[in-house]
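Chains, contacts and geometry: an overview
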Amino acid sequence: MAAALAALLVSACSAGAGNGENQAEAGGSGATLVKGDANTVNSGTAGKGGSITYVLERNILNWNPLGADIGVATQLVADVYDPSTFFSAPDLKTVEMNKDLLLSAEQTSTSPQVLVYKISPKAVWSDGTPISAADFEYVWRASDPRVCPKCEAASTMGYDSVKSLVASDGGKTVTVTLSKPFGDWQSMFSPLLPAHVAKKLGDDGTPDGLAASFNEGFRYKTSFPDWSGGPFMFKSWQSNQAATLVPNPKWYGRPVTLDSLIFRVITDTTQEVPALRNNEVQIINPQPQVDLLRNVQALKGVNYQLVRGLRKQMLLPNLNNPVMQDPVLRKALFTAMDVKQAISKTVGQFDPEAVPLRNRIYVPQQTPAYQDNLGDQGSGDVAKATALLTGAGYKIDAGRLIDPKGTPVPPITMRYLANDQILQTISELFAASAKAVGVTVNVQSTDSVGETVTHQPGKDFDIFAMTWVGQTFLASQYSQAFMTKAGLNFGGYSSAKVDDLLKKALSATDPAESAELLNGVDRQLSEDGYILPMYQQPDLLAYTSNLVNVRANGTYFGPPYNGGEWGVR
């Protein structure tokens, strides 16, 4: 990555206190490529005051960070106002406890599994209400389909196994007993939602009231959260423009130095670099493209990181629609798609080390768990794709694919996120490869991932070229993505074998056992032709060089995972 730049060694903060060292590659009079320990790079001491503006590439349509239709932008802002028990660190391996919120969080028993959380006595919501077991209980109730079958939660993992949740020490100790083991228990209660606010939003103790508070109230579709349990709280929000947050006066953690933190919506990627150059914004985290990266490298007074994280480009089929229900057709379309060619025409133009991703769950850094389970899919072998189809009774007549019943395969709608040049190119290449086996693909953009993946009229898809942002809690995340009727199963996939493997993976506490089970899931997904992984999307983070404690985080939490520590040198 940026291999043409010359390497030199610089301290973590050239004009301030820091810990550790950064490896930086200077681009002449332009920007500086910063490398170093993923979890500490760019550490430094901030001065008092200042404002930082961070770019969101998508508008926020709802504010519930636990909702099934959450977008990445919602999570990025939630990082700084809605407390989580644990978070994923930038190194893609470390899961850290939130030491501002919790004194401790431990598994005290394995049979049955018992989790004990001790909440800091200082931890309060912005109105002074203590953060307590009641907030843990609300998240549990809203995320457990046994308690709230109508709640539209992104994840039910772990919550659907809660046998009891007991408060003690005035609500500052929470003891959770599970009815079956849950290896990813650290993924639970992240983030929390304030139970006392939920009551104002409709939670009256009934399942319907609970669902109303969770599905509608915490989404704040026409307003914004008027509470906080993190370092910042809302001052204002203007849809499609910006969210302005200021320090939470009741913040109980490490001191905040900034006067304000602004999340500005810029949906046109081409406008991000000019905004950074003009100091209208100070941090951008765009999907890197050739011209965009070159423009960043030309900026003076800017640092940038280019790392491989858990963002994955993939093609998601919608099995809810009749045209995509035959696994043979899906496997043939994926076999005809040449991923290496797609890389060479997109990400490979600025990242010569980019390679096809051959696993849906693991990335190459996660060895030895990472395995190639794809077979011919992604190879671009049109002959093998055609053989798959003809072997199943399809035929190509005058350039058009006819199914075994003699009916022409109808055109397929393929969507990508508007203004994403790379995904547009990938979609057009997929359309060309599909045409080679007689299938017409109509490529269309969408301006809302949430509306598209929840299959809203006018936004629905047959194939979706999308970015999947990973977490370090693999069994939990992919259970939600692949288990029958799970909250993030946007393609409507269902397999009894996969369901069984995922249930076992969720209970596995040995990493090697979990990896074998999850690779079994991946192999079955290949057999069923569900999802074609493309490659790891490089994570580009660029920021003005006077900022400290800002660093790339290629997990779902994103760079604002430590936003309360950001500051101006």
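Presented here is a report on the structure given in the accompanying data block. In this text the structure is predicted, and so the values were computed from the model without any measurement. (Residues numbered from 1 in each chain as written. Predicted model: local features only at pLDDT ≥ 70, side-chain atom pairs only at ≥ 80, totals over all residues. Heavy atoms only, no water.)

A separate point is the pairing of strand 8 (residues 113–119). Counted residue by residue, strand 8 has six buried out of seven residues, so it is predominantly covered. Bridging between strand 7 (residues 102–110) and strand 8 involves seven bridges; their strand directions are antiparallel. Following the sheet pairing, Gln 107 is matched in strand 8 by Leu 115. Hairpin connection between strand 7 and strand 8: a loop of two residues separates the two successive antiparallel strands. Both strand 8 and strand 10 (residues 173–178) contribute to a ladder of five bridges, which runs antiparallel. Bridging from a neighbouring strand, Tyr 117 pairs with Val 174 of strand 10. (Buried < 20%, exposed > 50% of the residue type's maximum accessible area, 1.4 Å probe, protein only. Helix = DSSP H or I, 4+ residues; strand = E, 2+ residues; numbered from the N terminus. Pairing = 2+ DSSP bridges.)

Here Gln 282 lies in the loop between helix 5 (272–277) and strand 14 (283–284). Within the structure, Gln 282 has its side chain in polar contact with the backbone nitrogen of Thr 53 (distance 2.8 Å). If we ignore the near neighbours within four places in the chain, the residues touching Gln 282 are Ser 51, Ile 52, Thr 53, Leu 276, Ala 542, Tyr 543, Thr 544 and Leu 547. (Polar contact = N/O pair within 3.5 Å; in protein donor to acceptor, adjacent residues only side chain to side chain. Contact = heavy atoms within 4.5 Å.)

We now examine the pattern of salt bridges. Tallied over the full model, the rule gives 18 salt bridges. Ionic pairing is found between Lys 150 and Asp 208, a salt bridge with its closest N-O pair at 3.2 Å. In this pair, Lys 150 sits in the loop between helix 2 (133–143) and strand 9 (162–168) while Asp 208 sits in helix 4 (residues 207–215), placing the two residues 58 residues apart along the sequence. Judged by relative accessible area, Asp 208 falls into the partly exposed class, the value being 48%. Residues Glu 527 and Lys 331 are paired through a salt bridge, measuring 3.9 Å at the closest nitrogen-oxygen approach. Here Glu 527 is found in helix 14 (residues 511–528), whereas its partner Lys 331 is found in helix 7 (residues 327–336), with 196 residues between them in sequence. Exposure remark for Glu 527: the relative accessible area of 49% places this residue in the partly exposed category. (Salt bridge = Lys/Arg side-chain N within 4 Å of Asp/Glu carboxyl O.)

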